[in-house]
Protein chains: 2
Amino acid sequence: MSQLAPSATVTPAATYPAIRHGASLLLAFRLENRPVLLIGGGVVASGRLFFLLESGAHVTIVAPLPLDPSIAYRLLSNPEQITHVPRDYQGRSDEIKVENFAMVLTAIDDVEMSREVCHMARERHVPVNVADVPPECDFYFGAQFRRGPLQVMISTQGMGPKIGAIIRDRLAEAIPDDIESAIEGVGELRKDLRKRAPGVGGELGKRRMEWMIKVCEAWPLEDMERFRDQDLRNRILDEGWEKGKVLSPEDVGAETIQERLARWGAGLGDTLRGASVGVVSGAALGAMATYLYLKHAR
Amino acid sequence: MSQLAPSATVTPAATYPAIRHGASLLLAFRLENRPVLLIGGGVVASGRLFFLLESGAHVTIVAPLPLDPSIAYRLLSNPEQITHVPRDYQGRSDEIKVENFAMVLTAIDDVEMSREVCHMARERHVPVNVADVPPECDFYFGAQFRRGPLQVMISTQGMGPKIGAIIRDRLAEAIPDDIESAIEGVGELRKDLRKRAPGVGGELGKRRMEWMIKVCEAWPLEDMERFRDQDLRNRILDEGWEKGKVLSPEDVGAETIQERLARWGAGLGDTLRGASVGVVSGAALGAMATYLYLKHAR
């Protein structure tokens, strides 16, 4: 539709990463107090329900009794978040209309009904997921883990939920133990910064964002938990932000000897663990190599 | 609304993880050929555009010239996926209506217009994201990385995009190099299995899912790339699935000595690297401890 102005400067291709199709758009959906329709009461529906409840959604479950025991349990322990309608969903003739929900999920064995629900939801632009039927899904769920404010999702484009779970477990191991404190600390610092420099977008928003990035670059992940201290935050904002500077952990003064030794202790433990894993694996490899060599030398 | 049947068995609370509110619902949205409205033509809009293009969406960008150079570049290199309307968006009076899109994103400095777009989208149940204004977002973007079919998103509940990026980089390092081949292999095996045992849900669907899980448990992540071999897949399905068994890597025959040595070489390298990191850090810690000790002993 548009003509680029003749003077438009276009940077050479090499600067921009190539588009590789076939991805999903990964999103963190906010559902606090929003209504979600969940059709089905079995073990798959139970998994969906867990994540919906954690997101604060209000879930209407349409499914005849008996329910999966974990759904029955949630119904008793989180009654304010769940409305249970104990019958099968009736499709187009049902008085529960898909357009009254922010999202529709089905997890039932009735293929025809699932398809009808999918059509109804799409006509009304309501995002829909039909468990186990990829073409009838506007979105997939992935393997995931959570550490307080940190949430990580692993999606394999439906290539295999189990391999997603295996990768999830590896990634969970790679996250520092005190990550929640680090994220909290940065969150507090950002909140204080916004109080000093309020407003949305524009030059100030840009300057605020750039300063936060520089702070995060100057501070190792393992040190960021220190931002939870109000005095430290004030100092970083007074002597840093206000003066157009970024203070490093060195600038604000090292930790006390006690704190430092505590951190060393942890670091030393990791190092020894890493080194001993190295030594043990090395020994095992050596033994296997010798065994194979002898076996084939015979 | 419902009464649980008196006989309903409810497993004790300890069995089920507690609900911790405050999470987002993490989703992988599928946008292949679906229309998305992107209002804004700056650097933030450019970031959004990249992920939308990778997801196969058709993007209508409403933004006056000049555009961010990378958007201008995409317009020239992916014209079939982008329609550019070179003017400001007009809100309710605009002939481009939010209800014609699967998703609406704004990335402009005009706070009033952003709010109007948010209201319009919510009235029509179209998911909306207003950059930098969390209360006007139905969903957030997170830090992310991609390795072929594998996509990983890191969300920090808006606590800080930069710390999300730092965690992203740590996680990316924890993923095996050949992960794409492993996921592809599992995907091929699943596809072949579905050909032999077609249909959705029910007993067969459950049996199929359980068998795939057992296969993934029996095979180390690093060996799964072998599933890309059609002969191996046939054997695993003939001698495994058809007979209600799961073949392990040992069952299908070890790799050749060459293959094994190649894998050992890689493993040995990692071990030595790990061990030397351990030794070097240990030495550094020792030196620092000695220094501190001498300093304070004075």
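See the structure above.
In what follows, the accompanying structure is described.

Quick notes on the rules
Residues numbered from 1 in each chain as written. Chains lettered and ligands numbered in written order. Predicted model: local features only at pLDDT ≥ 70, side-chain atom pairs only at ≥ 80, totals over all residues. Heavy atoms only, no water. Helix = DSSP H or I, 4+ residues; strand = E, 2+ residues; numbered from the N terminus. Polar contact = N/O pair within 3.5 Å; in protein donor to acceptor, adjacent residues only side chain to side chain. Contact = heavy atoms within 4.5 Å. Pairing = 2+ DSSP bridges. Axes fitted to C-alpha atoms, helices over the stretch in contact; angles between N-to-C directions. Buried < 20%, exposed > 50% of the residue type's maximum accessible area, 1.4 Å probe, protein only. Right-handed = clockwise from strand over helix to strand, strands pointing away. Buried area = accessible area lost by both parts, 1.4 Å probe. Salt bridge = Lys/Arg side-chain N within 4 Å of Asp/Glu carboxyl O. Least-squares fit on C-alpha atoms with pLDDT ≥ 70 in both. Arc of directions from axis to C-beta. Core = buried A, V, L, I, M, F, W, Y, C linked by side-chain atoms within 4.5 Å. Parallel < 35°, antiparallel > 145°, perpendicular 65-115°, else oblique. Left-handed = near helix turned anticlockwise from the far one by under 90°. Nonpolar A, V, L, I, M, F, W, Y, C, P; charged D, E, K, R; others polar.

This part covers the side chain of Gln157 of chain B. Note on placement: Gln157 of chain B falls in the loop between strand E9 (150–155) and helix H4 (161–173). Side chain to side chain, Gln157 of chain B and Gln151 of chain A meet in a polar contact 2.5 Å long. At a separation of 3.2 Å, a polar atom in the side chain of Gln157 of chain B contacts the side chain of Ser24 of chain B. If we ignore the near neighbours within four places in the chain, the residues touching Gln157 of chain B are Pro149 and Gln151 of chain A together with Gly22, Ala23, Ser24 and Tyr140 of chain B.

Let's shift gears to unusual backbone geometry. Residue Pro66 of chain A is reached from Leu65 of chain A by a cis peptide bond, and omega for that bond is 0°. Tracing the sequence through the fold places Pro66 of chain A in the loop between strand E3 (58–62) and helix H2 (69–77). At Asn33 of chain B, a position not held by glycine, the phi torsion is positive, near 65°. Here Asn33 of chain B lies in the loop between strand E1 (25–29) and strand E2 (35–39).

Residues and elements named next belong to chain B. Spatial ordering of the open sheet is given by E4-E3-E2-E5-E6, a layout of five strands whose pairing is parallel. Edge strands, defined here as strands with exactly one partner in the open sheet, are strand E4 (82–85) and strand E6 (128–130). Neighbour to neighbour, the strand axes of the sheet diverge by 15° on average, direction disregarded. Relative to E6, strand E5 (residues 103–106) is paired through three bridges, and the arrangement is parallel. Paired with Leu105 across the strands is Asn129, a residue of E6.

For the rest of this paragraph, the subject is the pairing of E5 of chain B. Residue and element names in this part refer to chain B. By the alternation rule, side chains of E5 split into Met103 and Leu105 and Val104 and Thr106, which are all buried. Note: E2 against E5, four bridges, orientation parallel. Following the sheet pairing, Ile39 is matched in E5 by Thr106. One crossover worth recording links E5 to the parallel E6 by way of helix H3 (residues 111–123), and it is right-handed.

Quick look at the environment of Val246 of chain A now. Residue and element names in this part refer to chain A. Within the fold, Val246 resides in the loop between helix H7 (230–239) and helix H8 (257–297). Residue classification places Val246 among the partly exposed residues on the basis of a relative accessible area of 28%. Between the C-alpha atom of Val246 and that of Trp211, which follows or precedes it by 35 residues, the distance is 7.2 Å. Not counting residues within four places of it along the chain, the set of residues in contact with Val246 comprises Trp211, Lys214, Val215, Ala218 and Asp251.

So, on to the interface of chain A and chain B. Counting residues at the interface gives 119 residues for chain A, matched by 119 residues for chain B. Both sides together, the interface formed by chain A and chain B hides about 11,000 Å², and carbon and sulfur atoms give 66% of it. Across the chain A-chain B interface, the total number found is ten salt bridges. Taking the shortest distance from any N to any O, the salt bridge between Glu217 of chain A and Lys162 of chain B comes out at 3.3 Å.

Next up on the list: the relation of the copies chain A and chain B. Taken as rigid bodies, chain A and chain B are interconverted by a rotation of 180° and an axial shift of 0.0 Å, the fit giving an RMSD of 0.0 Å. Both chain copies can therefore be described as sitting about a two-fold axis. Most of the interface of chain A is mirrored in chain B, where 100% of its interface residues are also at the interface.

The subject of this paragraph is the environment of Arg196 of chain A. All names here are of chain A. With respect to the helices, strands and loops of the structure, Arg196 is situated in helix H5 (residues 179–196). For Arg196, a relative accessible area of 32% puts it in the partly exposed group. As a C-alpha pair, Arg196 and Trp241 span 45 residues in sequence and 9.4 Å in three-dimensional space. Each residue touching Arg196, except ones within four places of it in the same chain, is listed here: Asn234, Leu237, Asp238, Trp241 and Glu242. Within polar-contact distance, the side chain of Arg196 engages the side chain of Asp238 at 2.8 Å.

Our focus in this paragraph is the pairing of E9 of chain B. For E9 of chain B, the buried fraction is high: six of the six residues fall into the buried class. Residues Leu150, Val152 and Ile154 of chain B of E9 of chain B are buried on one face, and the alternating residues Gln151, Met153 and Ser155 of chain B, pointing to the opposite face, are buried as well. As judged from the five bridges shared by strand E9 (residues 150–155) of chain A and E9 of chain B, these two strands associate in the antiparallel manner. Residue pairing across strands places Val152 of chain A opposite Ile154 of chain B, the latter belonging to E9 of chain B. Taken together, the five bridges between strand E8 (residues 143–147) of chain B and E9 of chain B define a ladder with antiparallel strand orientation. Following the sheet pairing, Phe145 of chain B is matched in E9 of chain B by Val152 of chain B. What sits between E8 of chain B and E9 of chain B in their antiparallel hairpin is a turn of two residues, with Gly148 of chain B showing a positive phi close to 60°.

Okay, helix H7 (residues 230–240) of chain B next. What H7 of chain B keeps buried is the set Leu232, Arg233, Ile236, Leu237 and Gly240 of chain B. Seen end-on, H7 of chain B carries its buried residues on one side only, within an arc spanning 130°.

Residue and element names in this part refer to chain A. A sheet is described by the order of its strands in space; here five strands give the open sequence E4-E3-E2-E5-E6, paired in parallel fashion. Of all the strands in the sheet, just strand E4 (82–85) and strand E6 (128–130) have a single pairing partner and so form its edges. Averaged over neighbouring strand pairs, the angle between their axes works out to 15° when direction is ignored.

Let us now look at the nonpolar core. The biggest cluster of nonpolar side chains holds 62 residues, and the ones touching the most others in it are Ile167 and Met224 of chain A together with Ile167 and Met224 of chain B. In this view, Met224 of chain A contacts Ala182, Gly185, Val186, Cys216 and Trp219 of chain A together with Ile163 and Ile166 of chain B; residues no more than four positions away in its chain are not counted. One finds Phe29 and Phe141 of chain A together with Leu31 and Ala57 of chain B within the second-largest nonpolar core, a separate group that totals 54 residues.

Residues and elements named next belong to chain B. Their axes nearest at 9 Å, the elements helix H1 (residues 43–54) and helix H2 (residues 69–77) cross at an angle of 30°. Classified by the interaxial angle, the pair formed by H1 and H2 is roughly parallel. In this structure, H1 meets H2 at a crossing whose hand is left-handed. Between H1, through Ala45, Ser46, Leu49, Phe50 and Leu53, and H2, the contact on the second element is made entirely by Ser70, Ile71 and Arg74. For the contact of H1 with H2, the residue count by class is five nonpolar, two polar and one charged.

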